[in-house]
Amino acid sequence: MSLVVRSVHTADLAPDDLAEARQLMEDVFEGELTPEDWDHCLGGLHVLGRENGELVGHAALVQRHVAYNGRALRAGYVEGLGVRADRRRRGYAGVLMAEVERVIDTAYDLGALGASEDGMPFYRQRGWLPWTGPTSALTPGGVVRTADEDGWILVRPGAVALDTAGGALMVCDWRDGDVW
């Protein structure tokens, strides 16, 4: 494998590198990347995968807060994982996620992400667990149920033990666009 992985905070990415990462995400998500989706990738860690100098993969890890069992927890939230179409099925997404998971395991109370139907088997194979309880978001108007997200949120237990089968409520912090 000739993938070279580099982890860098948004603040330390050169403007050209940031533009290149956004264009990769636009291509990977085939025009379905909203401005809010890209904004969700900013302000944290970018894991960039290059092959022969070309950006072929990206993952972002941002800090969010989730309320669980009466506590506010620091969550390493995964955003914008994607590999260029012509480089898929080579294990690159797994290499990027291994770096993301290393950071989650050493710096956060838990990991969390909202999975797509296509992504669900990949994350489950890596040991991510489905959140089986109800989900909500702390919005400017108060706590609002996010029932459409139920079953699509995956967690990676870390410093805090999680009862993923107990039906407990998990509440995420507010953001524009998709809240989970």
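Each remark here, short or long, concerns the structure printed above.
Cut-off values and rules
Residues numbered from 1 in each chain as written. Predicted model: local features only at pLDDT ≥ 70, side-chain atom pairs only at ≥ 80, totals over all residues. Heavy atoms only, no water. Helix = DSSP H or I, 4+ residues; strand = E, 2+ residues; numbered from the N terminus. Rg over C-alpha atoms; globule rule 2.2 N^0.38 Å. Buried < 20%, exposed > 50% of the residue type's maximum accessible area, 1.4 Å probe, protein only. Areas by Shrake-Rupley, 256 points an atom, 1.4 Å probe, with all protein chains shown as cover. Phe/Tyr/Trp six-rings, centres within 6.5 Å; stacked < 30°, edge-to-face > 60°. Lys NZ or Arg CZ within 6 Å of the ring centre and 35° of its normal. Expected span 1.5 Å × (residues − 1). Pairing = 2+ DSSP bridges.

**Focus: the overall build of the protein**
Step number 1: Along its length, the protein carries four helices and ten strands.
Step number 2: When the helices and strands of the protein are read in sequence order from the N terminus, they spell out β-α-α-β-β-β-α-β-α-β-β-β-β-β.
Step number 3: For 180 residues, the compact-globule estimate of 2.2 N^0.38 gives 16 Å, and the protein sits close to it at 16 Å.
Step number 4: For the protein, the spread of C-alpha atoms along the three principal axes comes to 45 × 30 × 30 Å.
Step number 5: Expressed as a percentage of its 180 residues, the buried residues of the protein come to 47%.
Step number 6: Summing over all exposed atoms, the protein offers an accessible surface of approximately 8900 Å²; the carbon and sulfur share of this is 49%.

**What about the packing of aromatic side chains?**
Step number 1: By the definition in use, this model includes three aromatic pairs.
Step number 2: Their ring planes at 85° and their centres at 5.5 Å tell us that tyrosine 68 and tryptophan 131 sit as a pair that is edge-to-face. Of this pair, tyrosine 68 sits in strand S3 (residues 54-68) while tryptophan 131 sits in the loop between strand S6 (129-130) and strand S7 (135-139), and the two are 63 residues apart along the sequence.
Step number 3: On the basis of relative accessible area, tyrosine 68 is assigned to the buried category, the value being 6%.
Step number 4: With a relative accessible area of 1%, tryptophan 131 lands in the buried category.
Step number 5: When the centroid spacing of 5.2 Å and the interplanar angle of 70° are considered together, the rings of phenylalanine 122 and tyrosine 123 count as edge-to-face.
Step number 6: According to the relative accessible area criterion, phenylalanine 122 is partly exposed, its value standing at 24%.
Step number 7: Look at tyrosine 123 and you get buried, because its relative accessible area is 9%.
Step number 8: If you follow arginine 64 out to its NZ or CZ, it ends over the ring of tyrosine 77, 4.8 Å from the centre.

**Some details on unusual backbone geometry**
Step number 1: Positive phi values are uncommon outside glycine, yet glutamate 30 reaches one of about 45°.
Step number 2: Its place among the elements puts glutamate 30 in the loop between helix H1 (15-28) and helix H2 (35-40).
Step number 3: The backbone of asparagine 69 shows a phi angle near 55°, a positive value even though the residue is not glycine.

**Re the environment of alanine 93**
Step number 1: Counting through the fold element by element, alanine 93 comes out in helix H3 (residues 92-107).
Step number 2: Taking the relative accessible area as the measure of exposure, alanine 93 reaches 22% and is therefore partly exposed.
Step number 3: Sequence spacing of alanine 93 and leucine 81 is twelve residues, and the spatial spacing of their C-alpha atoms is 7.4 Å.

**Description of H3**
Residues spaced three or four apart along an α-helix point in a common direction, a consequence of the helix completing one turn every 3.6 residues.
Step number 1: Its 16 residues give H3 an end-to-end C-alpha distance of 23 Å, which sits within 8% of 22 Å, the value for a rise of 1.5 Å per residue.
Step number 2: Among the residues making up H3, those that are buried are Tyr92, Gly94, Leu96, Met97, Glu99, Val100, Glu101, Val103 and Ile104.

**A word on the pairing of strand S8 (residues 142-145)**
Step number 1: In terms of strand pairing, S7 meets S8 through four bridges, oriented antiparallel. Residue pairing across strands places leucine 138 opposite valine 143, the latter belonging to S8.

**What about the environment of asparagine 69?**
Step number 1: Tracing the backbone through its elements, the reader meets asparagine 69 in the loop between S3 and strand S4 (71-83).
Step number 2: A residue is classified by how much of its surface remains accessible, and asparagine 69, at 63% relative accessible area, is exposed.
Step number 3: The sequence separation of asparagine 69 and valine 171 amounts to 102 residues, and the corresponding C-alpha distance is 9.8 Å.

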